[in-house]
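# Fold and geometry: a report
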Amino acid sequence: MKKAQAEIMGLLVIVILFIFGGLIYMMFAGDEDPRLTRDITQTGKVQNMLDSYLQITPCFTEKPYKQMDTIIKECYSGKETVCGENCKEFIQENLEDLMDAYNPRQSYQFAIKEEDEDDFIKIGTCITDSTTKETKVATERIVAGRDVLTVKLIYCYQ
């Protein structure tokens, strides 16, 4: 009985050593390209920023509180004012406030457009020059009646 228990314990030790060996190998093998991890992180941040922008409820004078994607749909459909302001200016001001709160020195470009049409709203310019290392793009689609709007955020990393 004791001999069988000793053999099981030995086998368990060997399995644990293999697991630790595999973890150490994966740790060193994953360090080959740290840019991939950074790219995934930056892309995720830009997508999260766009998602949060579309979900904010900036107007508290009208109930029920409307999220920004609803305000964009209504503005595109012809509603002129939101919270007593021009709807396009309201959308622009809220985006600029979000971008300034995140990083006021970073350049970005934001656009809302219908398929194969001119931009409904376009804010900022993502200038690609010698200081710009790369850009990250996030897009969302919003259904406004029969039309599908594409909301696009381009963020320039320097």
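Notes on the structure in this doc start here. (Residues numbered from 1 in each chain as written. Predicted model: local features only at pLDDT ≥ 70, side-chain atom pairs only at ≥ 80, totals over all residues. Heavy atoms only, no water.)

With that settled, the discussion passes to the pairing of strand β3 (residues 108–114). Of all seven residues in β3, six are buried; the element is thus mostly enclosed. When β3 meets strand β6 (residues 147–157), the two strands line up antiparallel, connected through seven bridges. If you follow Y108 over to β6, its bridge partner there is Y155. Strand direction decides the pairing type here: β3 and strand β4 (residues 119–123), joined by four bridges, are antiparallel. Its bridge partner lying in β4, I112 is registered against I121. Connecting β3 to the antiparallel partner β4 that follows it, the hairpin turn spans four residues, and D116 within it adopts a positive phi of roughly 55°. (Buried < 20%, exposed > 50% of the residue type's maximum accessible area, 1.4 Å probe, protein only. Helix = DSSP H or I, 4+ residues; strand = E, 2+ residues; numbered from the N terminus. Pairing = 2+ DSSP bridges.)

Taken in spatial order, the four strands line up as β4-β3-β6-β5 in an open sheet, and their pairing is antiparallel. The strands lining the two open edges of the sheet, one partner per strand, are β4 and β5 (134–144). Sheet twist, expressed as the mean angle between neighbouring strand axes with direction ignored, is 10°. Strands β3, β4 and β6 of the sheet are contacted by helix α4 (residues 87–102), whose axis makes an angle of about 35° with β4. (Axes fitted to C-alpha atoms, helices over the stretch in contact; angles between N-to-C directions. Contact = heavy atoms within 4.5 Å.)

Overall, the coordinates contain four aromatic pairs when judged by the stated rule. With a centroid separation of 5.5 Å and 80° between ring planes, the pair formed by Y53 and F110 is classed as edge-to-face. Taken together, the residues span a long stretch of sequence, with Y53 in helix α2 (residues 34–55) and F110 in strand β3 at a distance of 57 residues. We note that Y53, like F110, is buried. Ring plane angle 65° and centroid distance 5.9 Å describe the contact between Y102 and Y155, whose orientation is recorded as edge-to-face. Of this pair, Y102 sits in helix α4 while Y155 sits in strand β6, and the two are 53 residues apart along the sequence. When its relative accessible area of 1% is taken as the criterion, Y155 is described as buried. (Phe/Tyr/Trp six-rings, centres within 6.5 Å; stacked < 30°, edge-to-face > 60°.)

By size, the foremost hydrophobic cluster in this structure holds 31 residues, and its most contacted members are Y53, I72, I91, F110, I112 and L153. Elements represented by at least two residues in this core include exactly α2, α3 (68–76), α4, β3, β4, β5 and β6. (Core = buried A, V, L, I, M, F, W, Y, C linked by side-chain atoms within 4.5 Å.)

Turning our eyes to something else, we now look at the state of the cysteines. By the definition in use, this model includes two disulfides. Across a sulfur-sulfur distance of 2.0 Å, C75 and C87 are joined as a disulfide pair. In this structure, the disulfide formed by C75 and C87 twists by about 60° around the S-S bond and is classed as right-handed. Highlighted residues: C75 in helix α3 and C87 in helix α4, separated in sequence by 12 residues. Here C75 falls in the buried class, since its relative accessible area comes to 6%. (Disulfide = S-S within 2.5 Å.)

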